[in-house]
Amino acid sequence: MIKQEIEDSIAYLINKGFDSPEIGIVLGTGLGSLANEIENPIEAHYNNIPFFPLATVEFHTGKLIYGTLEGKKVVVMQGRFHMYEGYDLQDVTYPIRIMHRLGIKKLFISNAAGAINLDFKKGDIMLLEDHINLLGGSPLAFKGVSQFGERFVDMGEPYDVEMRKTLQGIAKKENITMRSGVYASVLGPQLETRAEYRMLKIIGADAVGMSTVPEVIVANHLKLPIVAVSVLTDECDPDNLEPANIKEIIRIAGETEPQMIKLFRGLLKTM
Ligand code: HPA
């Protein structure tokens, strides 16, 4: 990644009308419909944006959408890049650098995840308070990193405290059960073994998924405040494990999505 590539991507988006968005939003697996609520949308398909990672065959829906939501100028990623699709960590986080360069001041992230903490249930929402990176790599481990910011980024408080508090208040007011916990990111795409679920619990994870952490690391690199929520789509009980079912995961994500939308809209309203 070089700065000129970012400038070429930005020139394309600005030319399309992506004018100074204030907030960036990443929509996770099964969580894309907030994009349909954006007013006066302008769409840019990932495949058409210069220097964006090239989409894989299965990955049709990826696009950046610019418009307004709750009176705020937003840019929304409908679909993200995952390491398990064969992208490297710089590809996965390239859109975060682009949204930052477009001018966003805050980033909201969503994902689908499995519940490791068995007090949490399928269909619950979990606010990320911290994470464990099990991807085996960092999006900041590259030669030119100091052109983009500090190399040794502090990760003592990766998720913005104020926005977390605000979101908890909104959840309470809206009667939404929102848990809070630690998200562990794994490479995938295979689901975990029972032994791995046991390990995740022992090391302090409350939820597990295959995204988000690289994006959060890069956002911290850019000093971009983040709030992130997981929609818990399955319960990872090593002693009563049901066969993995991706269709069911997507179905549960879709069912819970209206609550996530309420939370994000509520948060936008406070800004
Ligand atoms: N493991 C990893 N990623 C996931 C899971 C899981 O159980 N559920 C949803 N995404």
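Residues numbered from 1 in each chain as written. Predicted model: local features only at pLDDT ≥ 70, side-chain atom pairs only at ≥ 80, totals over all residues. Heavy atoms only, no water.

S.K.: Quick question: what am I supposed to make of the overall build of the protein chain here?
M.R.: Secondary structure summary: the protein chain contains six helices and nine strands in total. Computed over C-alpha atoms, the radius of gyration of the protein chain comes to 18 Å, within 12% of the 18 Å expected from 2.2 N^0.38 for 271 residues, which places it in the range of a compact globule. For the protein chain, the proportion of its 271 residues judged to be buried stands at 51%. Taken as a whole, the protein chain presents about 12200 Å² of accessible surface, with 51% of it coming from carbon and sulfur. (Helix = DSSP H or I, 4+ residues; strand = E, 2+ residues; numbered from the N terminus. Rg over C-alpha atoms; globule rule 2.2 N^0.38 Å. Buried < 20%, exposed > 50% of the residue type's maximum accessible area, 1.4 Å probe, protein only. Areas by Shrake-Rupley, 256 points an atom, 1.4 Å probe, with all protein chains shown as cover.)

S.K.: Explanation requested: the packing of helix α2 (residues 89–102) against helix α5 (residues 213–221) in the structure shown.
M.R.: The angle between the axes and the distance between the axes are what describe a pair of packed helices. Viewed as axis vectors pointing N to C, α2 and α5 meet at an angle of 55°, and their least axial separation amounts to 9 Å. Relative to α5, α2 is oriented oblique. Relative to α5, the crossing made by α2 is right-handed. Between α2, through L89, V92, T93, I96 and R97, and α5, the contact on the second element is made entirely by P214, E215, V218, A219 and H221. Here the contact of α2 with α5 is built from residues that sort into six nonpolar, two polar and two charged. (Axes fitted to C-alpha atoms, helices over the stretch in contact; angles between N-to-C directions. Parallel < 35°, antiparallel > 145°, perpendicular 65-115°, else oblique. Left-handed = near helix turned anticlockwise from the far one by under 90°. Contact = heavy atoms within 4.5 Å. Nonpolar A, V, L, I, M, F, W, Y, C, P; charged D, E, K, R; others polar.)

S.K.: What is the right way to read helix α6 (residues 246–269) from this model?
M.R.: An α-helix turns once per 3.6 residues; consequently, residues spaced three or four apart project the same way. Taking 1.5 Å as the rise per residue, α6 with 24 residues should run 34 Å; its terminal C-alpha atoms sit 33 Å apart, in good agreement. The sharpest bend along α6 measures roughly 45° and falls at T256, with the proline P258 sitting one to four residues further on. Here α6 has its buried residues at I249, I252, A253, T256, E257, M260, I261, L263, F264, G266, L267 and L268. Where α6 begins, one side-chain oxygen reaches toward the backbone nitrogen of K247, 3.1 Å away; that side chain belongs to N245. (Expected span 1.5 Å × (residues − 1). Bend = angle between axes of the 7 residues up to and from the residue. Polar contact = N/O pair within 3.5 Å; in protein donor to acceptor, adjacent residues only side chain to side chain.)

S.K.: Just to check I follow, could you spell out the nonpolar core for this structure?
M.R.: General note: in soluble globular proteins, nonpolar side chains tend to be found buried as a group. Residues L64, M99 and L107 are the most contacted members of the largest nonpolar core, which totals 47 residues. Elements represented by at least two residues in this core include exactly α1 (3–16), β3 (63–69), β4 (72–78), α2, β5 (106–115), β6 (125–133), α5 and β9 (226–235). Discounting chain neighbours no more than four positions away, the residues touching L107 are G24, I25, V26, I96, M99, M163, A219, L224, P225, I226 and V227. Counting residues in each nonpolar core, the second largest holds 30 residues, with I38, L69, V74 and M260 among its members. (Core = buried A, V, L, I, M, F, W, Y, C linked by side-chain atoms within 4.5 Å.)

S.K.: Whenever I open this one, empty space enclosed by the protein confuses me. Can you help?
M.R.: Think of a ball as big as a water molecule: rolled over the atoms, this probe shows where empty space is left. Enumeration over the complete set of coordinates arrives at one cavity of 30 Å³ or more. There is about 40 Å³ of room inside the largest cavity. Lining the largest cavity are R80, F81, H82, M83, L89, V92, L135, M210, S211, T212, P214 and E215. Those elements that provide at least two residues to the lining of the largest cavity are α2 and α5. (1 Å grid on protein atoms, 1.4 Å probe; cavity = no way out; pocket = protein on both sides within 12 Å on 5 of 7 lines; lining within 4 Å. Points joined across faces, edges and corners; volume = space filled by probe spheres on them.)

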